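One-letter residues, chain by chain:
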Amino acid sequence: MEYFIDHYKILNLSPEATEKDIKKAFWSLAKIYHPDKGGDPYKFHQIYISYQFLLDQEKRLQYDKFYQQYKQNKFIQNLKKRYQNAKVIETYQFQYIVTLKTLLNNQIRIKTIKKKDRLLLANIRYDYEVNLTGQDFERDLIFKIPILLYSVCTHCFGKDLNCSYCKGLGRYKTEGIVRIFIPAHTLHPGQIIRINLEHIKTKNPLILPKKKQISIMIQKKLY
Ligand SMILES: [Zn+2]
């Protein structure tokens, strides 16, 4: 793949370029790179080869089939590289926000009010808070977000009301981690990001996320 010549890139063209576009591109580049005009002979040679190549309809047709694949591979490779170099924000850095303290601070103490309504009254509209440094906003990140999961009880599959593993519920709570790639420069302090868990695939098909969506408040560290 390293030896793949990107004829389109050499001529500053898109793969949709017409014959007219190719000729136009060649002549405008020739004005700059022709050795007679003081251009680099090697570069001009390559431009000429690419120009000849793309004008050959049969060659171009064959080439275009590979081109799509090449671009796709390149895209995946770049993404993999970014993934490897991304900074990991560990699970413990995500603070679960629904603590008694928060509720008390907001003076919502009435137990008879449903938890969901209490959160609304306390004006807490997110599940987690994460504190990032100024530099974190500038680079690719991987969020390792803790999530609550439901696992189907494999001892009774919900058929035994007296099951001691799930207490007859047919399922039990468990914990998991969702990894989310956050490209650089996409976050800002004070932002609440929402992550859809509906399509999250767990290794075990019997384990499902408890919530369909989680939201995270992005904060900037003050120190
Ligand atoms: Zn059970």
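Residues numbered from 1 in each chain as written. Predicted model: local features only at pLDDT ≥ 70, side-chain atom pairs only at ≥ 80, totals over all residues.

**Structural notes on the overall build of the protein chain**
This is how it is decided: Counting from the N terminus, the helices are the DSSP runs of H or I reaching at least four residues and the strands are the DSSP runs of E reaching at least two. Any residue with 12 or fewer other C-beta atoms within 10 Å of its own C-beta is exposed, any with 20 or more is buried, and the rest are partly exposed; the C-beta atoms used are placed from the backbone. Note on contacts: residues are paired as contacts if their backbone-placed C-beta atoms lie within 7 Å.
Along the backbone of the protein chain there are six helices and eight strands. When the helices and strands of the protein chain are listed from N to C terminus, the series reads α-α-α-α-β-β-α-α-β-β-β-β-β-β. A total of 223 residues make up the protein chain; the buried ones form 13% of that total. Contacts spanning at least 24 positions in sequence make up 63% of the contacts within the protein chain whose residues lie at least 6 apart.

**Observations regarding the sheet that holds strand β6 (residues 192-196)**
The test is simple: Any two strands with at least two DSSP bridges between them are considered paired. To define axes, lines are fitted to C-alpha atoms, for helices over the stretch in contact only, and angles between the resulting N-to-C directions are given on a 0 to 180 degree scale.
One open sheet holds the four strands; their spatial order is β2-β3-β8-β6, and the pairing between them is mixed. Edge positions in the sheet fall to β2 (94-96) and β6, since each has one partner strand and no second. Averaged over all pairs of adjacent strands, the angle between their axes in this sheet comes to 30°, without regard to strand direction. When β2 meets strand β3 (residues 128-132), the two strands line up antiparallel, connected through three bridges. The residue of β3 that forms the bridge with Gln-95 is Glu-129.

**A short note on unusual backbone geometry**
Even without a glycine there, the phi angle at Phe-157 is positive, about 50°. The exposure class assigned to Phe-157 is partly exposed, which follows from the 13 C-beta atoms found within 10 Å. Even without being glycine, His-185 reaches a positive phi, approximately 65°. Checked against the element boundaries, His-185 lands in the loop between β5 (171-182) and β6. On the basis of neighbour count, His-185 is assigned to the exposed category, with 10 C-beta atoms found within 10 Å.

**What about helix α2 (residues 19-33)?**
Convention followed: To estimate the expected span of a helix, subtract one from its residue number and multiply by 1.5 Å.
In this model α2 runs 21 Å from its N-terminal to its C-terminal C-alpha over 15 residues, within 8% of the 21 Å that 1.5 Å per residue would give. Looking at the buried side of α2, the elements it contacts are α3 (41-55).

**Overview of the environment of Ala-25**
Looking at the element boundaries, Ala-25 is found in helix α2. Sequence-wise, Ala-25 and Asn-12 are 13 residues apart; in three dimensions their C-alpha atoms are separated by 7.3 Å. In contact with Ala-25, other than residues within four places in its own chain, are Leu-11, Asn-12 and Leu-13.

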